[in-house]
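Given next are the chains, with one letter for each unit.
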Amino acid sequence: MKILKIVLILLAVAFIGAQFFRPPKNEGGDSHSGFLAKFAVPADVEDILRTSCFDCHSNTTRYPWYAEIQPAGWFLNQHIVDAKRHLNFSQFDKYRVRLQHHKLEEIVDQVEAGEMPLPSYTLLHWDAKLSAGKRERLIAWVNAQRKALEEIYPDSLGL
Ligand code: HEC
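All values derive from a computational prediction rather than experimental measurement.

*Asks:* What is the right way to read the overall build of the protein from this model?
*Replies:* Counting its regular elements, the protein contains eight helices and zero strands. Secondary structure of the protein in N-to-C order comes out as α-α-α-α-α-α-α-α. With respect to the principal axes defined by its C-alpha atoms, the protein has extents near 75 × 30 × 25 Å. Out of the 159 residues belonging to the protein, those deemed buried represent 37%. Taking the contacts inside the protein whose residues are at least 6 apart along the sequence as the reference set, 74% of them involve residues at least 24 apart. Counting only carbon and sulfur atoms, one obtains 63% of the accessible surface of the protein, whose full area is about 10,000 Å². Where the 19 positive side-chain charges of the protein centre and where its 19 negative ones centre are 8 Å apart.

As structure tokens, then:
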């Protein structure tokens with residue numbers, strides 16, 4: 001019994017201690033201008049991106065209340081850092097054309113395969129789950145942007 005008590009106290013101390021170590025917030029605040037400025041994004045597509053992708057793949061995350069509780073905050077932060085390294089919509093206009101073209105292709109692949117948005121995210125953010133209609137809309141629109149890039153920059157894309 002005594003050991004159990006000590007273990008519980010240690011766990012409580014570790015939990016309280018962890019609250020003092022907060023990851024930095026992803027609140028760059030450039031309001032996703034990169035992607036939205038580069039491609040004239042129609043309102044319904046922008047809505048899909050904001051609701052389902054930008055929390056991880058942009059410089060501005062809308063944090064849920066449990067982000068204030070560690071280790072949940074650390075877990076979220078890890079996802080955001082990882083996601084932004086792969087694809088950051090806020091920086092999209094800074095990518096070279098070839099990379100933009102490639103990232104658009106990856107977006108289609110990931111969404112088609114149902115890999116994105118991450119299931120661990122839609123588990124709690126129901127509204128972020130893509131209906132079949134939204135998925136098709138996003139894929140069709142992104143594919144059209146790829147085509148447009150191919151027409152505008154055939155040399156950069158080696159076409
Ligand atoms: C909860 C956070 C989260 C959300 C929301 C999210 N992603 Fe991701 N995404 C990630 C992480 C983390 C990775 C890194 C690779 C992995 O774990 O699969 C990633 C990887 C990707 C990649 C692969 C890039 C590469 O270089 O291979 C693409 C494309 C992508 N996401 C697109 C999207 C799109 C489009 C949406 C919205 C429909 C979205 N993601 C929503 C977290 C997220």
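Still to come is the rest of the account.
*Asks:* When you look at the environment of T60 in this model, what are you seeing that I'm missing?
*Replies:* Tracing the backbone through its elements, the reader meets T60 in the loop between α4 (54–57) and α5 (72–86). Accessibility expressed as a relative area gives 23% for T60, which makes it partly exposed. Residues T60 and A128, 68 residues apart in the sequence, show an inter-C-alpha distance of 16 Å.

*Asks:* In this structure, what is going on with the pattern of salt bridges? I would like to understand it.
*Replies:* Between side chains of opposite charge, pairing is possible as soon as their charged atoms come close. Tallying each qualifying case throughout the model produces eight salt bridges. K94 is the salt-bridge partner of D93, the closest N and O atoms lying 4.0 Å from each other. A relative accessible area of 38% places D93 in the partly exposed class. One connected set of salt bridges, linked through shared partners, spans R22, K25 and E68.

*Asks:* Where do I start with the side chain of Q70 in this structure?
*Replies:* Structurally, Q70 is set in the loop between α4 and α5. Within the local environment of Q70, its side chain forms a polar contact with the backbone nitrogen of G73, the two atoms lying 3.5 Å apart.

*Asks:* Is there a simple way to explain the packing of helix α6 (residues 97–112) against helix α8 (residues 132–152) in this structure?
*Replies:* When two helices pack together, their arrangement is given by the angle between the helix axes and by the axis-to-axis distance. Between α6 and α8, the least distance of the axes is 9 Å, while the angle of their chain directions is 160°. Put simply, α6 runs roughly antiparallel to α8. As for how α6 packs across α8, the hand of that crossing is left-handed. Residues Q100, H101, L104, E105, I107, V108, V111 and E112 of α6 form the contact with α8, whose participating residues are R135, L138, I139, V142, N143, Q145, R146, L149 and E150.

About the cut-offs
Residues numbered from 1 in each chain as written. Predicted model: local features only at pLDDT ≥ 70, side-chain atom pairs only at ≥ 80, totals over all residues. Heavy atoms only, no water. Helix = DSSP H or I, 4+ residues; strand = E, 2+ residues; numbered from the N terminus. Buried < 20%, exposed > 50% of the residue type's maximum accessible area, 1.4 Å probe, protein only. Contact = heavy atoms within 4.5 Å. Areas by Shrake-Rupley, 256 points an atom, 1.4 Å probe, with all protein chains shown as cover. Lys, Arg positive; Asp, Glu negative; His and termini not counted. Charge placed at Lys NZ, Arg CZ, Asp CG, Glu CD. Salt bridge = Lys/Arg side-chain N within 4 Å of Asp/Glu carboxyl O. Polar contact = N/O pair within 3.5 Å; in protein donor to acceptor, adjacent residues only side chain to side chain. Axes fitted to C-alpha atoms, helices over the stretch in contact; angles between N-to-C directions. Parallel < 35°, antiparallel > 145°, perpendicular 65-115°, else oblique. Left-handed = near helix turned anticlockwise from the far one by under 90°.

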